[in-house]
Amino acid sequence: MNPNPSSPMRLSPFTSQRRRLPLGPWVQGGLAGALIVLVAVLLLMPEALAAQGAGTAQARQMRHFWHVFAAYAIAWLLLFGWAVSIARRIRKVEEKLDRDP
Amino acid sequence: MRRFWIGVAAIAGKDLRVELRTRERIAAMGAFVVLTALLFNYAVDRTAVHPREIAAGLIWMTMLLGGLLGLGRTFELEKEDGAFEGLVATPLSPEALYLGKVLSNTLILTLITALTVVVFAIFFQVDLSGNPGPLAGVLFLGVTGFTALGTLFSGITAGTRMGETLLPILLFPLLVPLVTFGVSATATLMAGFPATEILGTLRILTAFTLLALMAGVGLFRFIVEE
Amino acid sequence: MSLRTVRWAGVTLGALGVGLTLLFHWQVFFWVPTEASMGIVQRIFYIHLPGAWIAFLAFGIVAICSAVYLWLGDDKVDQAARAAAEGGLIFTTIVLTSGPLWGKIAWGTWWTWEPRLTLTLLLWFIYVGYFMVRNSTDNAERGKRFAAVVGIVGALNIPLIHMSVQWFRSLHPQPVVARPDGPNLHPDMLTTLLTALLAWTLVFFSLFLFRYAAARLESAEELRALTRASKAAGDEVPVP
């Protein structure tokens, strides 16, 4: 493979070999799954704490915090996922174009 | 212009004639609405709420689900043996084809809606004597709006691999105005209020129906063209 | 627009957008005052409202591009429509996850038939239908036309759906909810909100441009592969 930087089709900063994300689909899926589990655990935890009677006011405060955290985490994850999917598309096409210009 | 309407009538006449001979869609939809009404009897806890009190909503949902059954098959016959290409190849304009299909669908579905109302009146003692005229008008307007949008989307789903299973996904989100205002107007009339009470709702229902018809007439061309 | 211009614009908007995103996160977590009645959970607002704004903006782009595509039949416009729809789906999902997370604390329930939340859910389904139609036709051209029709009809219907969900709510009065978006928004909150709005709008347009460029590259590649294949088969083909 011989990257051809002068190709008129070259578009993105995502494509150089060095900067390639070392994440296969399994790793990415695993990361996403782990994050979802984490968020679920965090959302349920305050209720478990409250059930044990560990300072209700504090538990409520924790719960507020985790909801904010989950909302932002999901938003980041979705936007990041979209960016990665676009980068992959571009990389795939540019690799094809590089292979046989 | 006259030729256009003759084309519309020809398409509607063809569909209705086929329907009269086979009675496939009418039989399926008719059985569907009667059986749905029957199931509603067991689905609703009669000690908590009598089906009569929520009849307007039940009638509309039965009509929509039953209608979906028939609308999804609007172009079923034409899919076979390249009949659709034959229709498109005739000098008939796509707009006339669309309006003809809407006309035949509306007539069939009006029949089914009438059956639904009668079934509910018998099964659940729904009182229809208060405002029969305005009630029929509201239901007919709703049926027209539903078929106007449904025929357009049925043309789309007929061209996809998923077929009619795709139809509710496309159609239901857009039917929210129809259900909201249609059910409200029907419930108001059934409760015995005069027809002047529903003028506002009626205006929005009319707007929905006209919009759906205009969208269909304007866009159907892009669905049939190859 | 040449792809070079698209790339340049995408990178610029993206850099500005990411910078502003960092800024608004700092504002949200360290600077803006906590809302009195709802507490810290109100901070979800700063991603919730910009998400909703972009979801509807994207749908406007989808509708306009779909109409232009049906009118002119230019593939580029369709690619723009698809790029906007993909972004719209992402941002609608953000609204639909952040809304209930906020509502669970503020209203005590994950879901209420709050008109704007309901409208967003319906919009999400319209987007889903748009992609299902696109991806389930055997003929790609036809899929594009079908999707364009779905986009246009959806956009025509949005005002009516909006009226219905508003009206339905007015029939069923809900407990009065403290609204952060009332006219008496704290000036610092307003600043944070405007930063977030601008930041995400820029991020959206940057990703939109890259998605559009990716689609154009893909179709160029497809065309090349086709040309090559027919050349190999020995046909006379004009070089595109």
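Before any of the text, the structure's been laid out above.
Every value quoted in this text rests on a predicted model; they were computed, and no experiment measured them.

Asks: Explain the nonpolar core to me, using residue names and the numbers behind them.
Replies: One finds B:Phe153 and C:Trp200 to be the most contacted residues of the largest nonpolar core, which totals 145 residues. With residues up to four places along the chain from it excluded, the contact list for B:Phe153 reads B:Leu167, B:Leu170, B:Leu171, B:Leu174, C:Val150 and C:Val153.

Asks: Summarise the pattern of salt bridges; cite the residues concerned and give the values.
Replies: Residue and element names in this part refer to chain B. By the definition in use, this model includes 14 salt bridges over all chains. A salt bridge links Glu78 to Lys14; the nearest nitrogen and oxygen atoms lie 2.8 Å apart. Within this pair, whereas Glu78 is found in helix α4 (residues 76-79), its partner Lys14 is found in helix α1 (residues 2-22), the two being separated by 64 residues in sequence. A salt bridge links Arg73 to Glu164, with the nearest nitrogen and oxygen atoms 3.6 Å apart. Note that Arg73 is positioned in the loop between α3 (55-71) and α4 and Glu164 in the loop between α7 (132-158) and α8 (167-171), a separation of 91 residues in sequence. Residue classification places Arg73 among the partly exposed residues on the basis of a relative accessible area of 35%. We classify Glu164 as partly exposed; its relative accessible area is 32%. Overlapping salt bridges bring together Lys14, Asp15, Glu78 and Lys101 as one network.

Asks: Lay out the side chain of B:Thr201 with the relevant residues and their values.
Replies: All names here are of chain B. Mapping Thr201 onto the fold places it in helix α10 (residues 199-224). With a relative accessible area of 10%, Thr201 lands in the buried category. The contacts of Thr201, once residues within four sequence positions are left out, are Phe181, Ser184 and Ala185.

Asks: Can you tell me about the interface of chain C and chain A, naming the residues and giving the values?
Replies: Quite often, the size of an interface is put as the accessible area lost when its parts meet. Every contact between the two is made by 41 residues of chain C and, on the other side, 33 residues of chain A. Both faces considered, chain C and chain A share a buried interface measuring about 3,400 Å² in area, 76% of it formed by carbon and sulfur atoms. Run the count over chain C and chain A and you get 1 salt bridge. With its nearest N and O atoms 3.1 Å apart, the salt bridge here joins C:Glu218 to A:Arg89. Counting every contact that joins chain C to chain A gives 5 residue pairs in polar contact (both at pLDDT 80 or more). Elements with a minimum of two residues in the side of chain C that touches chain A: α1 (3-31), α2 (45-72), α3 (75-106) and α6 (187-232) of chain C. In terms of residues, the side of chain C that touches chain A owes the most to one element, α6(C), which gives 14 residues. Across the side of chain C that touches chain A, the residue classes break down as 26 nonpolar, 5 polar and 10 charged.

Asks: Before we move on, can you summarise the interface of chain C and chain B with the specific residues and values?
Replies: The partner chain B presents 28 residues to the 28 residues of chain C that form the contact. Interface of chain C and chain B: buried area, both sides summed, is about 2,700 Å²; carbon and sulfur atoms make up 76% of it. Per-residue buried area on chain C facing chain B is highest for C:Arg145, C:Phe146 and C:Leu160; these three make up 20% of the total on that side. At the boundary of chain C and chain B, one finds 1 salt bridge. The salt bridge involving C:Asp138 is made with B:Arg161; its shortest N-O contact spans 2.7 Å. One can count 6 residue pairs in polar contact (both at pLDDT 80 or more) joining chain C with chain B.

Asks: Hey, could you go over the environment of C:Ala155 for me, with residue numbers and the actual values?
Replies: All names here are of chain C. Looking at the element boundaries, Ala155 is found in helix α5 (residues 140-171). We classify Ala155 as partly exposed; its relative accessible area is 25%. Taking the C-alpha atoms as reference, Ala155 lies 7.2 Å from Gly60; in sequence the two are 95 residues apart. Apart from residues no more than four positions distant in its own chain, Ala155 is found in contact with Phe59 and Ala63.

Asks: How would you explain unusual backbone geometry if you had to name every residue and give the values?
Replies: All names here are of chain B. One non-glycine residue, Arg23, lies in positive phi territory at about 55°. Within the element layout of this structure, Arg23 appears in the loop between α1 and α2 (24-43). Taking the relative accessible area as the measure of exposure, Arg23 reaches 51% and is therefore exposed. Located in the positive-phi region is Gln125, a residue other than glycine, with phi close to 55°. Structurally, the position occupied by Gln125 is in the loop between α6 (94-124) and α7. When its relative accessible area of 44% is taken as the criterion, Gln125 is described as partly exposed.

Asks: Provide a residue-level description of the side chain of B:Arg25, including the pertinent values.
Replies: Residue and element names in this part refer to chain B. Mapped onto the secondary structure, Arg25 falls in helix α2. There is no salt bridge for the buried Arg25, and the closest opposite charge comes from Glu19, which lies 4.3 Å off by N-O distance. Within the structure, the side chain of Arg25 is placed 3.4 Å from the backbone oxygen of Gly70, a separation counted as a polar contact. At 2.4 Å, the side chain of Arg25 forms a polar contact with the side chain of Asn105.

Asks: If you had to explain the environment of B:Leu77 to someone new, which residues and values would you point to?
Replies: All names here are of chain B. Locating Leu77 in the fold gives a position in helix α4. Linking Leu77 and Val18, residues 59 residues apart in sequence, is a C-alpha distance of 9.5 Å. Not counting the four nearest positions on each side in its chain, Leu77 is found in contact with Val18 and Ala83.

Asks: Just give me the short version of a nonpolar patch on the surface, but keep the residues and values in it.
Replies: On the surface, A:Trp76, C:Leu23, C:Trp26, C:Phe29, C:Phe30 and C:Trp31 cluster together into a nonpolar patch covering about 660 Å² of accessible area. Counting residues per element, the nonpolar patch draws most heavily on α1(C), which supplies 5 residues. Along the polypeptide, C:Trp31 turns up in helix α1. Looking at C:Trp31, the relative accessible area reads 33%, which means it is partly exposed.

Asks: Quick rundown of the packing of aromatic side chains? Include the residues and the values.
Replies: Residues and elements named next belong to chain C. For the coordinates displayed, the defined rule picks out 23 aromatic pairs over all chains. Taking the centre distance of 6.4 Å and the plane angle of 20° together, the rings of Trp26 and Trp31 count as stacked. With a relative accessible area of 44%, Trp26 lands in the partly exposed category. Seen in terms of ring centroids, Phe205 and Phe208 are 6.2 Å apart; in terms of plane orientation they differ by 85°. Their pairing is edge-to-face. You can see Phe205 and its partner Phe208 sitting in helix α6, 3 residues apart, about one turn around the helix. For Phe205, a relative accessible area of 27% translates into the label partly exposed. The exposure class assigned to Phe208 is buried, which follows from its relative accessible area of 11%. An aromatic cluster is built from Phe24, Phe91, Trp200, Phe204, Phe205 and Phe208, whose rings are joined through pairwise contacts.

Cut-offs used in this document
Residues numbered from 1 in each chain as written. Chains lettered and ligands numbered in written order. Predicted model: local features only at pLDDT ≥ 70, side-chain atom pairs only at ≥ 80, totals over all residues. Heavy atoms only, no water. Core = buried A, V, L, I, M, F, W, Y, C linked by side-chain atoms within 4.5 Å. Buried < 20%, exposed > 50% of the residue type's maximum accessible area, 1.4 Å probe, protein only. Contact = heavy atoms within 4.5 Å. Salt bridge = Lys/Arg side-chain N within 4 Å of Asp/Glu carboxyl O. Helix = DSSP H or I, 4+ residues; strand = E, 2+ residues; numbered from the N terminus. Buried area = accessible area lost by both parts, 1.4 Å probe. Polar contact = N/O pair within 3.5 Å; in protein donor to acceptor, adjacent residues only side chain to side chain. Nonpolar A, V, L, I, M, F, W, Y, C, P; charged D, E, K, R; others polar. Lys, Arg positive; Asp, Glu negative; His and termini not counted. Patch = residues over 30% accessible without salt bridge, like charges linked within 9 Å, V, L, I, M, F, W, Y side chains within 5 Å. Areas by Shrake-Rupley, 256 points an atom, 1.4 Å probe, with all protein chains shown as cover. Phe/Tyr/Trp six-rings, centres within 6.5 Å; stacked < 30°, edge-to-face > 60°.

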